[in-house]
Amino acid sequence: MREEGCDPKVVLEELARIVEEDVKRFTFRAVGSMCSKPLPIAKIAYLIGMESNVGDAGVWEGVARLEKEAIQDLGSLLSNPRAVGAIVSGGTEANILALWAARNYTKKSEVIVPTSCHISLYKAANLLGLKVIEAPLKSDYTVDVDFVRRNITNETAAIVGVAGTTALGAVDPIEELSEVALEKGIYLHVDAAFGGMVLPFLKELGYEVPEFDFKLDGVCSITVDPHKMGLAPIPAGGIFFRNEELVEPITFETPYLAGGGVRSFTITGTRPGGPIAAVWTLLRVLGKRGYREVVKRCMKLTEMLVRRVEEEEELELLMRPVMNIVGVRAKRLSVKEFSLRMRKLGWLLSEFPTHLRVILMPHHTERLVGELLRDLRRAALRSHVELRATLKS
Ligand code: 0PR
């Protein structure tokens, strides 16, 4: 650490230069990231709420109320305005909380997850000492529900379904999982970290989408992250429980806090009010209509990409996307080689064993999709000679 401080103007300029490069890379090149670029108004709201600590709700009463209202709004979007929840650090914390509640509520030691589930569920199981049973996928990339049913034992603490898988945006048959959960008396957690702020609006836009939320009686908890498709700044994850009874086993009281004891079930104690202020503001400013428009726009870009990939000789889709996540591969190349070439052309795409992932987010434009497509086409050509020829043209 230096002895003397520097001129704040110089420091801030350097900071801005460094961060702006990242922002540019994220905005124009990382066409496979699940985080949205926060709306300007969300940034203002974040700054307004920034000093607060909702972990000390007796002091920060106002922000604690904003969190309750945001949870109620999102809960009603998930067909349960009485859901108990919190704005947390992200989908990882939300999934940990869900499995923690399930384990303590049931006092059992196993969890069944689809092989498509996010790494955070493995982290959660590892932390909680739960044995993971991996359920395979069917050819449509959704979980094999028969496998789940057959593998439920006296030790099953929870089964998990994903509504919007990390790799492809596929939606597991949550309705069938819910039936299994009810029939066997099992806790069902739905990871809708990404899909939770897409599926309700897709439905309103007339798309045929499967049910995934509290409308299904077997669903006990849902993860939905406003920092993914909610246009909120990081960190804004969301966890929602069907009722108070489910969270009771993970609720702890901090008795000495000013204004009386605070009961909380989040992992972190001190919690930032900035993300809560941002989520609350976004829900008010955009409303359902605003979010519907956001999803409509992302789907327009998705459909543009899908149509053009389908027309391309060298490219293919893994599946017809349900939401704004598209899996693409080059017919004549390995994924590794395809990925490497896209990287050389300046794109940052997520690489899965079977495909590259493109996510069409609210800040993307038709022009960007056009450029991406041109380069996907170039990169997919088999020989370097072919590639070099198109680069010259
Ligand atoms: N559940 C699902 C279905 C997810 O896809 C993710 C994250 C999580 C839970 C965990 O959420 P947090 O990362 O908020 O804890 N999936 C993203 C992904 O793997 C995470 C991410 C986001 C990675 C933005 C990179 C990035 O630029 O793509």
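Residues numbered from 1 in each chain as written. Predicted model: local features only at pLDDT ≥ 70, side-chain atom pairs only at ≥ 80, totals over all residues. Heavy atoms only, no water.

For strand E2 (residues 110-114), the tally of buried residues reaches 5 of 5 residues, placing the bulk of the element in the interior. Neither face of E2 is open: one carries Glu110, Ile112 and Pro114, the other Val111 and Val113, and all of them are buried. Where the polypeptide runs from E2 across helix H5 (residues 119-128) and back to strand E3 (residues 131-135), its parallel neighbour, the crossover connection is right-handed. Note: E2 against strand E4 (residues 156-162), 3 bridges, orientation parallel. Bridge assignment links Glu110 to a residue of E4, and that residue is Thr156. (Buried < 20%, exposed > 50% of the residue type's maximum accessible area, 1.4 Å probe, protein only. Helix = DSSP H or I, 4+ residues; strand = E, 2+ residues; numbered from the N terminus. Right-handed = clockwise from strand over helix to strand, strands pointing away. Pairing = 2+ DSSP bridges.)

By volume, the largest pocket amounts to about 800 Å³. Taken together, 33 residues form the lining of the largest pocket, with Glu67, Arg263, Ser264, Phe265 and Arg271 sitting closest to its centre. At the level of secondary structure, the elements contributing two or more residues to the lining of the largest pocket comprise helix H3 (61-77), strand E1 (84-88), helix H10 (244-247), strand E8 (252-254) and strand E9 (262-264). Element by element, the count of residues in the lining of the largest pocket is highest for H3, at 5 residues. Counted by class, the lining of the largest pocket contains 14 nonpolar, 12 polar and 7 charged residues. Estimates place the volume of the second largest pocket at around 500 Å³. (1 Å grid on protein atoms, 1.4 Å probe; cavity = no way out; pocket = protein on both sides within 12 Å on 5 of 7 lines; lining within 4 Å. Points joined across faces, edges and corners; volume = space filled by probe spheres on them. Nonpolar A, V, L, I, M, F, W, Y, C, P; charged D, E, K, R; others polar.)

Let us now look at the site of the ligand. Near the ligand you find 17 residues, and of these Ser33, Thr92, Thr166, Asp191 and Arg357 are the closest. With respect to the ligand, the backbone of Gly91 contributes an N or O atom lying 3.0 Å from an oxygen atom. Within the side chain of Lys228, a nitrogen or oxygen atom sits 2.8 Å from an oxygen atom of the ligand. Within the complex, 74% of the 590 Å² of free accessible area of the ligand lies under protein. The set of elements that each furnish at least two residues to the shell around the ligand consists of helix H4 (91-106) and helix H9 (226-229). Considering each element in turn, the shell around the ligand owes the most residues, 3 residues, to H4. Among the residues forming the shell around the ligand, the class breakdown is 3 nonpolar, 10 polar and 4 charged. (Near = heavy atom within 4 Å. Polar contact = N/O pair within 3.5 Å; in protein donor to acceptor, adjacent residues only side chain to side chain. Areas by Shrake-Rupley, 256 points an atom, 1.4 Å probe, with all protein chains shown as cover.)

Looking now at the domain arrangement of the protein. You can read the domains of the protein as domain 1 (8-35 + 287-392) and domain 2 (40-285). For domain 1 versus domain 2, the separation of C-alpha centres amounts to 28 Å. Each partner contributes residues to the interface: domain 1 has 25 residues there, and domain 2 has 32 residues. Of the roughly 2,500 Å² buried between domain 1 and domain 2, counting both surfaces, carbon and sulfur atoms make up 74%. Area buried by domain 1 at its contact with domain 2 is led by Met34, Tyr291 and Met323, which between them contribute 28% of it. Here domain 1 is connected to domain 2 by 2 salt bridges. A salt bridge links Lys288 to Glu204; the nearest nitrogen and oxygen atoms lie 3.3 Å apart. Here domain 1 is connected to domain 2 by 7 residue pairs in polar contact (both at pLDDT 80 or more). Listed by contribution, the elements that provide at least two residues to the side of domain 1 that touches domain 2 are helix H11 (274-311), strand E11 (325-330) and strand E13 (355-359). Element by element, the count of residues in the side of domain 1 that touches domain 2 is highest for H11, at 10 residues. (Domains from an automatic or database assignment. Contact = heavy atoms within 4.5 Å. Buried area = accessible area lost by both parts, 1.4 Å probe. Salt bridge = Lys/Arg side-chain N within 4 Å of Asp/Glu carboxyl O.)

Counting residues in each nonpolar core, the largest one holds 65 residues, and the members touching the most others are Ile159, Val190 and Phe194. Elements supplying a minimum of two residues to this core: H3, E3, helix H6 (145-150), helix H7 (174-184), strand E5 (187-191), helix H8 (199-204), strand E6 (219-223) and H11. Counting the residues that make up this core, at least three belong to each of domain 1 (8-35 + 287-392) and domain 2 (40-285). Sequence-distant contacts of Phe194, defined by excluding residues within four places in its chain, comprise Met34, Gly164, Lys228, Met229, Met323, Asn324, Ile325, Ile359 and Met361. In terms of nonpolar packing, the next biggest core, distinct from the first, is built from 31 residues, Cys117, Ala158, Tyr187 and Ile250 among them. (Core = buried A, V, L, I, M, F, W, Y, C linked by side-chain atoms within 4.5 Å.)

Bringing the packing of helix H2 (residues 40-49) against H11 into the picture now. Where H2 meets H11, the axes come as close as 7 Å, and the angle between the chain directions of the two elements is 140°. Comparing the axis directions of H2 and H11 gives the class oblique. Judged by the sense of rotation from one axis to the other, the crossing of H2 with H11 is right-handed. Residues Ile41, Ala42, Ala45, Tyr46 and Gly49 of H2 lie in contact with H11, whose contacting residues are Gly274, Pro275, Ala277, Ala278, Thr281, Leu282 and Val285. (Axes fitted to C-alpha atoms, helices over the stretch in contact; angles between N-to-C directions. Parallel < 35°, antiparallel > 145°, perpendicular 65-115°, else oblique. Left-handed = near helix turned anticlockwise from the far one by under 90°.)

Taken together, the buried positions of helix H12 (residues 335-344) are Val335, Phe338, Ser339, Arg341 and Met342. The arc that holds every buried residue of H12, seen down its axis, measures 165°, which confines them to one face. Among the exposed residues of H12, those pointing more than 90 degrees away from its buried face are Lys336, Arg343 and Lys344. Phi turns positive, to about 100°, at Gly346, one or two residues after H12. (Arc of directions from axis to C-beta.)

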